[in-house]
Amino acid sequence: MELSGASILSPLHSSHRPTSVCEFRRFRVWCVSSPQGNKMTVSITGATGFIGSKLVQRLFEDNHSICVLTRSKSKADSIFPVKDFPGIVIAEEPQWKDCIQGSTGVVNLAGLPISTRWSPEIKKEIKQSRIRVTSKVVDLINNSPIDARPRVLVSATAVGYYGTSETQVFDEQSASGNDYLAEVCREWEGTALGVDKDVRLALIRIGVVLGKDGGALAKMIPIFMMFAGGPLGSGKQWFSWIHVDDLVNLLYEALLNPSYKGVINGTAPHPVRLAEMCEALGSVLGRPSWLPVPDLALKAVLGEGATVVLEGQRVVPVRAKELGFSYKYPYIKEALKSILAQKVVA
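Residues numbered from 1 in each chain as written. Predicted model: local features only at pLDDT ≥ 70, side-chain atom pairs only at ≥ 80, totals over all residues. Heavy atoms only, no water.

Attention now moves to helix α4 (residues 120-142). With 23 residues, α4 extends 33 Å from end C-alpha to end C-alpha; this agrees with the ideal 33 Å at 1.5 Å per step. Three or more residues of α4 are buried, namely I126, K127, S129, R130, V133, T134, V137, V138, L140 and I141. Buried residues belonging to α4 abut β3 (41-45), α3 (96-100), β6 (105-108), β7 (152-158) and α5 (180-192). (Helix = DSSP H or I, 4+ residues; strand = E, 2+ residues; numbered from the N terminus. Expected span 1.5 Å × (residues − 1). Buried < 20%, exposed > 50% of the residue type's maximum accessible area, 1.4 Å probe, protein only. Contact = heavy atoms within 4.5 Å.)

Here we take up the side chain of S103. Checked against the element boundaries, S103 lands in the loop between α3 and β6. A polar atom in the side chain of S103 sits 2.6 Å from the backbone oxygen of C99. (Polar contact = N/O pair within 3.5 Å; in protein donor to acceptor, adjacent residues only side chain to side chain.)

On to the nonpolar core. The nonpolar side chains of soluble globular proteins are, as a tendency, buried together. I44, V56, L59, V68, V154, I204 and L247 are the most contacted members of the largest nonpolar core, which has 48 residues in total. Among the elements of the structure, β3, α1 (50-61), β4 (65-70), β7, α5, β9 (200-206) and α7 (244-256) are those that each provide at least two residues to this core. Ignoring sequence-local partners within four residues, the contact set of I204 consists of V154, S155, A156, T157, A158, L247, L250, L251, I264 and G266. (Core = buried A, V, L, I, M, F, W, Y, C linked by side-chain atoms within 4.5 Å.)

With that settled, the discussion passes to the sheet that holds β4. Ordered by their spatial adjacency, seven strands build an open sheet running β5-β4-β3-β6-β7-β9-β14, and the pairing between neighbours is parallel. Each end of this open sheet is capped by a strand with a single partner; those strands are β5 (89-92) and β14 (262-266). On average, each strand axis in the sheet is tilted by 20° relative to the strand beside it, whichever way the strands run. Across five bridges, β9 lies against β14 in parallel orientation. For I206, the partnering residue across the bridge sits in β14 and is G266. (Pairing = 2+ DSSP bridges. Axes fitted to C-alpha atoms, helices over the stretch in contact; angles between N-to-C directions.)

Moving on, we get to the state of the cysteines. Following the criterion strictly, the structure yields one disulfide and no others. Paired through a disulfide, C67 and C99 show a sulfur-sulfur distance of 1.9 Å. The sign of the 60° torsion about the S-S bond sets the C67-C99 disulfide as right-handed. With C67 in strand β4 and C99 in helix α3, this pair connects stretches of sequence that are 32 residues apart. Comparing C67 with C99, the two get one shared label, buried. (Disulfide = S-S within 2.5 Å.)

On to the packing of aromatic side chains. In total, this model carries five aromatic pairs according to the counting rule given. Judged by centre distance (5.4 Å) and plane angle (20°), the ring pair of Y162 and F170 falls under stacked. F170 sits in the buried class, given a relative accessible area of 4%. Summarising the aromatic geometry, the rings of F325 and Y327 are spaced 4.9 Å apart at their centres and angled 90° between planes, so their arrangement reads as edge-to-face. The structure contains a cluster of three or more aromatic residues connected by ring pairs, namely F60, F80 and F85. In this arrangement the basic side chain of R130 is found over the ring face of W188, its NZ or CZ atom lying 4.8 Å from the centre. In this structure, R205 packs its charged tip against the face of Y161, placed 3.6 Å from the ring centre. (Phe/Tyr/Trp six-rings, centres within 6.5 Å; stacked < 30°, edge-to-face > 60°. Lys NZ or Arg CZ within 6 Å of the ring centre and 35° of its normal.)

With that settled, the discussion passes to the confidence of the model for the chain. Looking at the chain as a whole, its pLDDT mean stands at 84, while 78% of the residues score no less than 70. In this model, residues 1-36 is a region of pLDDT below 50 whose contacts with residues beyond four sequence positions or in other chains number 84 contacts. (pLDDT = per-residue confidence, 0-100.)

What follows is the structure, encoded as structure tokens:
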């Protein structure tokens, strides 16, 4: 099997980090061992994306072994160069089976971004990209020998499951909506639920993820600046958000903690109406917040995908709070301050 250059631990690596051998069915790689003795081997789809790349960074910093499940080795190699990420395995689809067999856990984040212009073709791909990868991952897990089967699957889904409303409050027990994104999420989750019952499944319904170098916020800021910092659309719609660092921590905890199973809303504990988010953004940017951004301006950038921002839902993370998850950024203003203090990652 051909592996990327990032999959071999060279003698140049720091000697104070002990190594061990991670064996897959047809190859062997030297991996960094965790001094804490709670070392995981994690296979990740969507690892090159906005959220996935940050999860890889977190796992790598904590000395876990990582297999990046990708459809583009060249892209993965550019995001995770061997000099910065020694020991990481980069696996294209024919090698996914070997990575998944023997992994402690699998994180499934793959899917075409929805914060983009929607066309009939894009809408089809938004759904199919999620179903296709999730189905493949589930089949590979289920067909793994019992002694090599991952113990946990953490699979992304989205708060779009609930549909949209300006008045309802949605938690993990709420019914699904009846619009396009709700349909996508139902099928996405339904596919993940096909995993073997001996595998712990955590379905993370993710809200609008805030970070400067990706997600909806990166596209919203230029429009916001152009229109003097006013609310997007009516401003009355709910905005169920989460700082990318909190989401990464939630995914990480779901891998480690056996109590994390079933549906868990991946949102901050204090959703806001969009007018409040824009007011906080204006305050952090030092700009006035008075001229509303017209729907047409957002639709010009996001097309039908503007629905994600213009038609929201008030989602609360009941399960995460029950599980004792600790948010670093529970409030929107602190989250925005943190993000806008960062340099943009190229």
